[in-house]
Amino acid sequence: MTSAAQPKFLPNRHDLGVVAVGFSGGQARTNSCPKPGVDAAPMALIEAGLIKQLEEDLEKKVTYDGKVHAYSELLPTEDPDYRGMKRPKFASAVTKEVSEQVYTHAKAGKLVVTLGGDHSIAIGTVSGTAKAIRERLGREIAVIWVDAHADINTPETSDSGNIHGMPVAFLTGLATEDREDVFGWLKPEHRLSTKKLVYIGLRDIDKGEKKILREHGIKAFSMHDVDRHGIGKIMDMALGWIGSDTPIHLSFDIDALDPIYAPSTGTAVRGGLTLREGDFICECVAETGSLIALDLVEVNPSLDEQGASDTVRAGLSIVRCALGDTLL
Ligand SMILES: NC(=[NH2+])NCCC[C@H](N)C(=O)O
Ligand SMILES: [Mn+2]
Ligand SMILES: [Mn+2]
């Protein structure tokens, strides 16, 4: 699609709002799973030249407050497990703040790029764009969730209690909570329809998650499907499901890629997408002209230090492709 064919609901594709979220509280930090470091990803990506490349190579106008938000001011004095969720109050407070930041950019017509952080931050990003696009265009957004995992556990189905395994359940309303300080701030205008959600790259899905996907008829393309049909056909089917002329929020978990390309991530799973397949997904979304927001999450430069620069470079490539860099 040429830029002349850009649908009118789109943000100005040259106008970006960047939000850097240094948050790792959505994954365990217990002795059994000590994996801090995902909070260092935004700085690693920026130091590798992300903002500069967006401005200079891609000629974007970037609005960025120059900060990697750690949200330490939101750290609650106590944060006991609740419904099995670990650090629920902190994750809720951070995602609420992220939601407002993303909303502000999206409401102003900017394409929002959020650098995580673990995937729990998508509770903030998707709720922010869903609300802004509803208000600005009276439209529902669609989400393409590229991930090895479905991240659709409810607090009750989750084995780990890690909130980065639950964002889709909260966003779709499959998990709800009245307590304002534990995601009760999520209102209908923040939500995403299960019919407007498409997964690509799945290969490590919990039992409870499979049941949820099946019962709600959620569209999911696993690695099996990618192998069977090839990524070209998968993208035709994924975009066909969403329908043209629908604003798309792309939430890209770097662990969708095979650990050969992106080893530095907290929950790596073998048998994933090649870097080219990941880039291709982003290029196809860029081609639609309907991208309104992109999340890049779960890059953890402190894990697999030898692979850290590869992982950061893979992340950069994903962002550039989603923003149209490799299209002619
Ligand atoms: N965003 C991620 N990397 N999520 C991994 C989730 C793993 C597992 N399904 C869980 O609920 O804990
Ligand atoms: Mn994820
Ligand atoms: Mn994942």
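Residues numbered from 1 in each chain as written. Chains lettered and ligands numbered in written order. Predicted model: local features only at pLDDT ≥ 70, side-chain atom pairs only at ≥ 80, totals over all residues.

## Some thoughts on unusual backbone geometry
Then step 1. Across the junction of Gly-116 and Gly-117, the peptide omega takes the value 10°, indicating a cis bond.
Then step 2. Turning to its location among the elements, Gly-117 is positioned in the loop between β5 (110-115) and α4 (122-137).
Then step 3. The phi angle at Arg-83 is positive, at roughly 50°, despite the residue not being glycine.
Then step 4. Tracing the backbone through its elements, the reader meets Arg-83 in the loop between β4 (61-69) and α3 (88-107).
Then step 5. Judged by the 14 C-beta atoms lying within 10 Å of it, Arg-83 is partly exposed.
Then step 6. Residue Asp-245 is not a glycine yet carries a positive backbone phi of 75°. (Helix = DSSP H or I, 4+ residues; strand = E, 2+ residues; numbered from the N terminus. Buried ≥ 20, exposed ≤ 12 C-beta atoms within 10 Å, placed from the backbone.)

## Notes on α3
Then step 1. Between its first and last C-alpha, α3 extends 28 Å over 20 residues, near the 28 Å set by a 1.5 Å rise per residue.
Then step 2. One or two steps after α3, the chain reaches Gly-109, where phi turns positive at roughly 85°. (Expected span 1.5 Å × (residues − 1).)

## Observations concerning the pairing of β5
Then step 1. Burial within β5 is extensive, with 6 of its 6 residues counted as buried.
Then step 2. Residues Lys-110, Val-112 and Thr-114 point to one face of β5 and Leu-111, Val-113 and Leu-115 to the other, with burial holding for every one of them.
Then step 3. Pairing between β5 and strand β10 (residues 291-297): 4 bridges, direction parallel. Counterpart to Val-112 in the pairing with β10 is Ala-293. (Pairing = 2+ DSSP bridges.)

## Remarks on the environment of Ala-150
Then step 1. Following the sequence through the fold, Ala-150 ends up in the loop between β6 (142-146) and α5 (167-172).
Then step 2. Of the residues examined, Ala-150 has 24 C-beta atoms within 10 Å and is grouped as buried.
Then step 3. Along the chain, Ala-150 and Arg-203 lie 53 residues apart, while their C-alpha atoms are 8.7 Å from each other.
Then step 4. Excluding anything up to four places from it in sequence, Ala-150 contacts Val-168, Tyr-199, Leu-202, Ile-205, Glu-209 and Leu-213. (Contact = placed C-beta atoms within 7 Å.)

## Some thoughts on the site of ligand 1
Then step 1. In the region of ligand 1, 14 residues are neighbours, and His-119, His-149, Ser-160, His-164 and Gly-165 sit closest.
Then step 2. A per-class count over the shell around ligand 1 returns no nonpolar, 9 polar and 5 charged. (Near = placed C-beta within 6 Å. Nonpolar A, V, L, I, M, F, W, Y, C, P; charged D, E, K, R; others polar.)

## Some details on the confidence of the model for the chain
Then step 1. With 94% of its residues at a pLDDT of at least 70, the chain reaches an overall mean of 94.
Then step 2. Across residues 1-5, confidence stays below pLDDT 50; counting only partners more than four residues off in sequence or on other chains, it has 4 contacts.
Then step 3. As a predicted assembly, this complex carries a pTM of 0.96 together with an ipTM value of 0.98. (pLDDT = per-residue confidence, 0-100.)

## Quick look at the nonpolar core
Looking at soluble globular proteins, one finds that nonpolar side chains tend to be buried together.
Then step 1. Counting residues in hydrophobic clusters, the biggest one holds 101 residues, and the most contacted among them are Ile-144, Val-285 and Ala-322.
Then step 2. Not counting the four nearest positions on each side in its chain, Val-285 is found in contact with Ile-144, Ile-248, Leu-250, Leu-291 and Ala-322. (Core = buried A, V, L, I, M, F, W, Y, C linked by C-beta atoms within 7 Å.)

## Describing helix α7 (residues 207-215)
Then step 1. Those residues of α7 lying buried are Glu-209, Ile-212 and Leu-213. Considered in projection along α7, the buried side chains sweep an arc of 100° and stay on one side of the axis. Facing away from the buried side of α7, by more than 90 degrees, are the exposed residues Lys-207, Lys-211, Arg-214 and Glu-215.
Then step 2. Looking at the buried side of α7, the elements it contacts are β8 (219-222).
Then step 3. Looking one or two places after α7, you find Gly-217, whose phi comes out positive at around 55°. (Arc of directions from axis to C-beta.)

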